[in-house]
Amino acid sequence: MVVLRKLPGMPGWPAALGLRLPQKFLFLLFLSGLLTLCFGALFLLPDSSRFKRLFLPRRATASASSSSSASSSSASSSSTRDTDLPRSPPAAAEPRHASPAAPRRLREKLRTAARMAGPPARTAPGSRQQVQGGESRAQPASGVPPARETRAPFRFDYERFRRSLRHPVRGGRTGEDPETRARRMKIKEMMKFAWDNYKQYALGKNELRPLTKNGHIGNMFGGLRGATVIDALDTLYIMELEEEFQEAKQWVEKSFDLNVNGEASLFEVNIRYIGGLLATYYLTGEEVFKSKALELGEKLLPAFNTPTGIPRGVINLGSGMSWSWGWASAGSSILAEFGTLHLEFLHLSELSGNPVFAEKVMNIRRVLSRVEKPQGLYPNFLSPVTGSWVQHHVSIGGLGDSFYEYLIKSWLMSDKKDSEAKKMYDDALEAIEKHLVKKSAGGLTYIAEWRGGILDHKMGHLACFSGGMIALGAEHSAGERRQRHMELAAEITSTCHESYARSDTKLGPEAFRFDAGSEATATRLSERYYILRPEVVESYMYLWRLTHDPKYRHWGWEVVQALEKHCRVEAGFSGIRDVYSTTPGHDNMQQSFFLAETLKYLYLLFCEDDVLSLEDWVFNTEAHPLPINHTDFKAAGQP
Ligand code: DMJ
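Bear in mind the structure is a predicted one, so any value in this text is a computation, not a measurement.

Side note on the nonpolar core
And then number 1: The biggest cluster of nonpolar side chains holds 162 residues, and the ones touching the most others in it are Leu 224, Tyr 404, Leu 507 and Leu 563.
And then number 2: The biggest single contributor to this core is helix 12 (residues 266-284), with eleven residues.
And then number 3: Those residues in contact with Leu 507 that lie beyond four places of it in its chain are Ser 499, Tyr 500, Tyr 530, Val 559, Ala 562, Leu 563, His 566, Cys 567, Ile 576 and Val 579.

Here's the deal with the packing of helix 15 (residues 342-352) against helix 16 (residues 356-370)
And then number 1: Between helix 15 and helix 16, the least distance of the axes is 7 Å, while the angle of their chain directions is 150°. The angle between helix 15 and helix 16 places the two elements in the roughly antiparallel class. Pair helix 15 / helix 16 crosses with left-handed handedness. Counting all contacts with helix 15, which are made through His 342, Phe 345, Leu 346, Leu 348, Ser 349 and Ser 352, the residues of helix 16 involved are Val 356, Phe 357, Ala 358, Val 361, Met 362 and Arg 365.
And then number 2: Residue classes in the contact of helix 15 with helix 16 are distributed as eight nonpolar, three polar and one charged.

What about the sheet that holds strand 13 (residues 454-456)?
And then number 1: Strands sit in the order 9-12-13 across an open sheet of three strands; the sheet is antiparallel. In this open sheet, the two strands that pair with only one neighbour each are strand 9 (393-394) and strand 13.
And then number 2: Where strand 9 and strand 12 (residues 449-451) come together, two bridges link them in antiparallel fashion. Pairing of Val 394 across the sheet is with Trp 450, part of strand 12.

What about the confidence of the model for the chain?
And then number 1: On average, residues of the chain score 82 in pLDDT, and 75% of them are at 70 or above.
And then number 2: Within the model, pLDDT remains below 50 along residues 1-18, and this stretch shows eleven contacts once partners closer than five positions in the same chain are excluded.
And then number 3: Low confidence marks residues 40-148, where pLDDT is under 50. Its contacts with residues over four positions away, or in another chain, come to 170 contacts.

With respect to the environment of Phe 267
And then number 1: On the secondary structure map, Phe 267 appears in helix 12.
And then number 2: In contact with Phe 267, not counting residues within four places along its chain, are Ala 336, Glu 337, Thr 340, Ser 402 and Thr 621.

Section: the site of the ligand
And then number 1: Around the ligand, a shell composed of Phe 267, Ile 271, Arg 272, Leu 462, Arg 533, Pro 534, Glu 535, Phe 593, Glu 597, Thr 621 and Glu 622 is seen.
And then number 2: In this structure, an oxygen atom belonging to the ligand sits 2.9 Å away from a side-chain N or O atom of Glu 597.
And then number 3: One of the side-chain nitrogen or oxygen atoms of Glu 622 is found 2.6 Å away from an oxygen atom of the ligand.
And then number 4: Burial of the ligand by the protein chains amounts to 91% of its free accessible area of 290 Å².
And then number 5: Counting residues per element, the ones that place at least two in the shell around the ligand are helix 12 and helix 23 (592-605).

Points about the pattern of salt bridges
And then number 1: Summed over the entire model, instances satisfying the criterion amount to 38 salt bridges.
And then number 2: With a shortest N-O distance of 2.9 Å, Glu 189 and Lys 186 are connected by a salt bridge. Pair noted here: Glu 189 and Lys 186 are both in helix 9 (residues 178-202), with a separation of three residues, about one helical turn.
And then number 3: Among the ionic pairs, Arg 484 bridges to Glu 480, the shortest N-O distance being 3.0 Å. Of this pair, Arg 484 and Glu 480 both sit in helix 20 (residues 479-501), four residues apart, roughly one helical turn.
And then number 4: Beyond isolated ion pairs, a larger network of salt bridges with shared partners links Glu 449, Arg 451, Asp 456, Arg 513 and Glu 527.

Basis of the calculations
Residues numbered from 1 in each chain as written. Predicted model: local features only at pLDDT ≥ 70, side-chain atom pairs only at ≥ 80, totals over all residues. Heavy atoms only, no water. Core = buried A, V, L, I, M, F, W, Y, C linked by side-chain atoms within 4.5 Å. Buried < 20%, exposed > 50% of the residue type's maximum accessible area, 1.4 Å probe, protein only. Helix = DSSP H or I, 4+ residues; strand = E, 2+ residues; numbered from the N terminus. Contact = heavy atoms within 4.5 Å. Axes fitted to C-alpha atoms, helices over the stretch in contact; angles between N-to-C directions. Parallel < 35°, antiparallel > 145°, perpendicular 65-115°, else oblique. Left-handed = near helix turned anticlockwise from the far one by under 90°. Nonpolar A, V, L, I, M, F, W, Y, C, P; charged D, E, K, R; others polar. Pairing = 2+ DSSP bridges. pLDDT = per-residue confidence, 0-100. Near = heavy atom within 4 Å. Polar contact = N/O pair within 3.5 Å; in protein donor to acceptor, adjacent residues only side chain to side chain. Areas by Shrake-Rupley, 256 points an atom, 1.4 Å probe, with all protein chains shown as cover. Salt bridge = Lys/Arg side-chain N within 4 Å of Asp/Glu carboxyl O.

What follows is the structure, given as structure tokens:
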């Protein structure tokens, strides 16, 4: 302003306009604001702009542009809508974060870095790792920068992967008897019926309400839609329901929107959406499934920004804010949730070439392997802040279940190289055998729950997956241990079968007890329902494949008949409210896991062993098949 007033031969502008002192002051304030605005606008111009290059030095231009793109990418989740983005990327396009096409040696180096990376540094609130949303990533401890900043585009070698499989994914179809084929076809028809009704009444919603013939959205998926589509994809493909598979694929291409802003369960999004997309990519090689899985995987990363790197259970997929479930003790994270990411996250690293996903789950592994275990058991609640247990409740059913499943499957998926996972599984199973496995007065073997040293003699339907898991582990043991575990698996599966056989509907309750005179029956009204859960038929499928005892097919067929009789309604399948009533009320919900798991496991029970062979695949906890690494990809997750 001094310059303006003293220009020779020219009165200052405000003076020339005849303004008083306060008005001059306001005028100059306005002028300086205008100048600042103009300068700031330079940063919004594209790098190519002549004006920008004229006024800003080269370095400032680059950093301004990168910070602007960073902020637009972190804001994109909430602000960008379908109209702004192509709904499906061109088939050959790499995902936007795809890393490096790097020479093999560099890839190995990055993987080694991921393997060696220590737990994330404890960060003060507000530090870089605590920034919510966007793509805040921990730097590997080795100092090797994140993959996308250093490497050329990476491309997963799908053909090489397919050549590594030992069996055709849908099997060779030889040597089956007509009855087995007819039963398999019946299950295929059930799948078609479930899909057709979902498609007709609820396509684009998460699940079908078969009585009211409409859709259900629910609050587990943070605004994501189409849970049934994603969960059904690989089952439709395996059952050779080609037309229906194409319908589902088209929905993913045209309508599956990841730019959502809502609160999601990290666990559910991982097992259903990421698991379903990954499996379908591996089965079909269609790029759209891979790119959607990777894009969604990135959106989950901010949940890991905690002092220990143990993720919180709930994440807003738009903002990246995360927090613990309100019902979880003292802000804790749940064992079965943060312990059920390993398989999918290793595959996300494998497919993107970006080690960040593997680093996150290897860090969880490190925290768990170091924390002291009461009697060798893993309680269900862990603080993501201190890394200590919050409450001593142990269960192989709900809250704990799939953590154990992922230990043995991590080892199998690594082609038996991940010996740390195997040891953790063996030790955990030994503690379970010692403290939780019991026999009822009537001779039924069951796995009790443990509350601070006191046993609760109940098994949830969820815990019935353990027959299959223990059999799978036993298959790869030797000698006395193998036999003992195979017997334990068969006994638990038989107990779970009893929980079905002792009901009027021949379907099992949500929980059954072994106290006060009850033997594998529900004693509380609130535990009598059946919501189309898969765990019992899952164990039948594993036990059949590993023993070929015909009773498992027989028991599976009983379930098919019971489902047809009590759960099939005019427009789909519904859960029932009371398995002990011959006229059970329906709950009006066709759960997406019915298509992902229950029908898939039933179908596989009546297939030859080479359909999704256990030599080539492990099933994630939502029954989505992920390949065993016969090539080199498991290196990414090795400790
Ligand atoms: C499924 O979503 C998964 O199997 C999960 O691990 C447990 N619950 C349901 C089915 O019961």
